Amino acid sequence: MAAFNTLDDLADGQRVLVRVDLNSPVEDGVVQDNHRFDRYAETVRELADRDNKVVLMAHQGRPGRDDFVSLDQHAEILEEYVGKPINFVEDIYGDDAIDAIEALDAGEILLLENTRMADDELPEKAPEEHAKSDFVQTLSPYFDAFVNDAYSAAHRAHASTVGFALELPAYAGRVMEAEYEYNTGVAERARETEGQVTMVLGGNKSEDVISVVNNLGDAIDTFLIGGLPGELFLRAEGYPVGMDVGDMDLLDDQWEETKDTLEDLVENRRDEFELPTDFAYEDAADERAEIALADIEEKETGYLDIGHDTIESYVPIIEDSEAVFVKGAVGVFEDERFADGTVELIEAIGRTDCFSVVGGGDTARTLSMYGLSEDNYDHISIAGGAYLNALTGQELEAAEVLIEQAN
Ligand SMILES: Nc1ncnc2c1ncn2[C@@H]1O[C@H](COP(=O)(O)OP(=O)(O)OP(=O)(O)O)[C@@H](O)[C@H]1O
Ligand SMILES: O=C(O)[C@H](O)COP(=O)(O)O
């Protein structure tokens, strides 16, 4: 159990400033609905139902990138899930924001503009430094309490994630509470598990996978590797995969950065991981086609999923496991044709009576996209970088601040 104060410790009927993480994919300027909205809606609804005046802070994208947009669309999406109106103000801590905060009645909800539009927000600084910023100093006097629910941004020491906790009584929201409990100490939990412990690793960053393999090697019995890292591990074994072809720009730079470590891993720790034996790709008719690794003489196309032979060899390992953790999708699950690997492995985990945590950036979306019931898993993480940090035993600064403030 986490050592921070939670919503169970918070009195009702207060003015609460709440940090959530609604950071979402943005396609052509349109914010994409995702699992974060329904998760945070639970905390927001609970606070509103308890007669609090609820003011939400969140970020979207980073300055200079296409996904750095206003939170006006987020307010509309969140409203659907909360089932109550969400007012939005295009301001963070100026007069318009203060007026909107003061106008709130008990049970009403207000979302402030993208926190990363404030100059004070982004530099990574110590909580004490952030607490002195205009942003934190201006807003704090209008609140009785600060609730940090943004677990997935807890690895960022930004004003809104670490500053307010020093100025106001600080509490963890429901998402923070659950994510912290399940994602922290995975290594310890895995070591304590008596039977087989397995981890599915995919996604598109081999550095992440290497970091997990290096940090959890003594705790995990078998790593089932897919996604782009799967190809890169095989390249390290000398197979003609794991390089960019055509106009791809996904693998060669990663190979240059990680090849020494990958070669070392396949040479010295090969018995700890399973690698794909076949791949799926898009054929000339735009259909899913598969090729065995042994038949690949030269890479001619991008591989977008593990093949069915690989799935069939990975599933029994999952079925024999006492605990299974997932970090990253083993294929481009966003495209139905290339979702088989990710979906079938996650399904196998769901029907196996093991302890399970499924996470990694977008991976949680697989469940809602393909109609898998969350009830079959112990925990679904909606965090990306923070989940990786937790898995690899690194502290999450914003969670640490909450713990320090509670003690
Ligand atoms: N073979 C592949 N080729 C291209 N992209 C892939 C492949 N396999 C997986 N991906 C992509 O990797 C992306 C990242 O997946 P996911 O979010 O599950 O991993 P992650 O490593 O946790 O990333 P994040 O940094 O977002 O947390 C997905 O959008 C998926 O489409
Ligand atoms: O989406 C995330 O992982 C978090 O919101 C953190 O976003 P960032 O990587 O842009 O800081």
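As annotated in an unreviewed UniProt entry, the protein carries the name Phosphoglycerate kinase and comes from Halorhabdus tiamatea SARL4B. Of the protein, the UniProt comment under Catalytic activity (unreviewed entry) reads exactly: "(2R)-3-phosphoglycerate + ATP = (2R)-3-phospho-glyceroyl phosphate + ADP". On record in UniProt, under Subcellular location (unreviewed entry), the comment for the protein is "Cytoplasm".

This next bit is on the environment of aspartate 120. By the secondary structure assignment, aspartate 120 is in the loop between strand S6 (109-111) and helix H4 (127-131). We classify aspartate 120 as buried; it has 21 C-beta atoms within 10 Å. Considering only alpha carbons, one finds aspartate 120 and tyrosine 387, 267 residues apart in sequence, at a separation of 26 Å. Here aspartate 120 is in contact with Ser133, Asp134, Phe135 and Ala159, once residues within four sequence places are set aside.

Most of strand S15 (residues 321-327) is tucked away, with six of its seven residues classed as buried. Judged from the six bridges that link them, strand S9 (residues 196-201) and S15 form a sheet pairing that is parallel. Across the sheet, residue valine 200 finds its bridge partner in S15, namely valine 326. As judged from the five bridges shared by S15 and strand S16 (residues 355-359), these two strands associate in the parallel manner.

Two elements in contact, helix H10 (residues 227-236) and helix H11 (residues 252-268), have axes separated by 8 Å at closest approach and are oriented at 65 degrees. Classified by chirality, the crossing of H11 by H10 is right-handed. Where H10 approaches H11, its residues Leu232, Phe233, Arg235 and Ala236 are matched on the opposing element by Gln254, Trp255, Thr258, Lys259, Leu262, Glu263 and Val266. Counted by class, the contact of H10 with H11 contains six nonpolar, two polar and three charged residues.

Before going further, it helps to examine the domain arrangement of the protein. If you check the domain split of the protein, you get domain 1 (7-180 + 397-406) and domain 2 (184-376). For domain 1 and domain 2, the distance between their C-alpha centres works out to 34 Å.

Before going further, it helps to examine the sheet that holds strand S13 (residues 288-292). Strand order in this open sheet of three strands is S13-S12-S14, and the pairing throughout is antiparallel. Edge positions in the sheet fall to S13 and strand S14 (305-306), since each has one partner strand and no second. By the bridge criterion, five bridges tie strand S12 (residues 278-282) to S13 in an arrangement that is antiparallel. In the sheet register, glutamate 282 faces S13, and the bridge partner there is arginine 288.

Another aspect to go through is helix H13 (residues 340-351). Taking 1.5 Å of rise per residue, the twelve residues of H13 would be expected to cover 16 Å, and the 16 Å separating its terminal C-alpha atoms lies within 8% of that figure. Buried residues of H13: Asp340, Gly341, Thr342, Val343, Leu345, Ile346, Ala348 and Ile349, and no others. Residues of H13 that are buried in the fold lie against S9, S14, helix H12 (308-319), S15, S16 and helix H14 (365-369).

A few words on unusual backbone geometry. Phi is positive for aspartate 28, which is not a glycine, with a value near 50 degrees. Mapping aspartate 28 onto the fold places it in the loop between strand S2 (26-27) and strand S3 (30-31). Phi angles above zero are rare outside glycine, and aspartate 51 is one such case at about 65 degrees.

Taken together, Asp21, Asn23, Arg62, Ser152, Ala153, Arg156, Gly384 and Gly385 are the residues near ligand 2. For the shell around ligand 2, the residue count by class is one nonpolar, four polar and three charged.

A few words now on the UniProt feature "binding site: substrate" (unreviewed entry) in the protein. When the UniProt feature table is mapped onto this chain numbering, "binding site: substrate" (unreviewed entry) sits at Asp21, Leu22, Asn23, Arg36, His59, Gln60, Gly61, Arg62, Arg116 and Arg156. Positionally, glutamine 60 belongs in the loop between strand S4 (53-57) and helix H2 (72-82). Judged by the 23 C-beta atoms lying within 10 Å of it, glutamine 60 is buried. Not counting residues up to four positions away in its chain, the partners in contact with glutamine 60 are Leu22, Asn23, Ser24, Asp67, Phe68, Val69, Leu71, His74 and Asn114. You can see glycine 61 is positioned in the loop between S4 and H2.

A word on the UniProt feature "binding site: ATP" (unreviewed entry) in the protein. As annotated in UniProt, the feature "binding site: ATP" (unreviewed entry) corresponds to Glu334, Gly360, Gly361, Asp362 and Thr363 in the numbering used here. Within the secondary structure, glutamate 334 sits in the loop between S15 and H13. Classification of glutamate 334 by C-beta neighbours within 10 Å gives partly exposed; the count is 14.

Let's shift gears to the environment of alanine 172. Within the secondary structure, alanine 172 sits in strand S8 (residues 170-172). On the basis of neighbour count, alanine 172 is assigned to the buried category, with 31 C-beta atoms found within 10 Å. Between the C-alpha atom of alanine 172 and that of leucine 372, which follows or precedes it by 200 residues, the distance is 28 Å.

What counts, and at which threshold
- Residues numbered from 1 in each chain as written.
- Chains lettered and ligands numbered in written order.
- Predicted model: local features only at pLDDT ≥ 70, side-chain atom pairs only at ≥ 80, totals over all residues.
- UniProt positions renumbered as here; feature names shortened; annotations may be inferred.
- Helix = DSSP H or I, 4+ residues; strand = E, 2+ residues; numbered from the N terminus.
- Buried ≥ 20, exposed ≤ 12 C-beta atoms within 10 Å, placed from the backbone.
- Contact = placed C-beta atoms within 7 Å.
- Pairing = 2+ DSSP bridges.
- Axes fitted to C-alpha atoms, helices over the stretch in contact; angles between N-to-C directions.
- Left-handed = near helix turned anticlockwise from the far one by under 90°.
- Nonpolar A, V, L, I, M, F, W, Y, C, P; charged D, E, K, R; others polar.
- Domains from an automatic or database assignment.
- Expected span 1.5 Å × (residues − 1).
- Near = placed C-beta within 6 Å.

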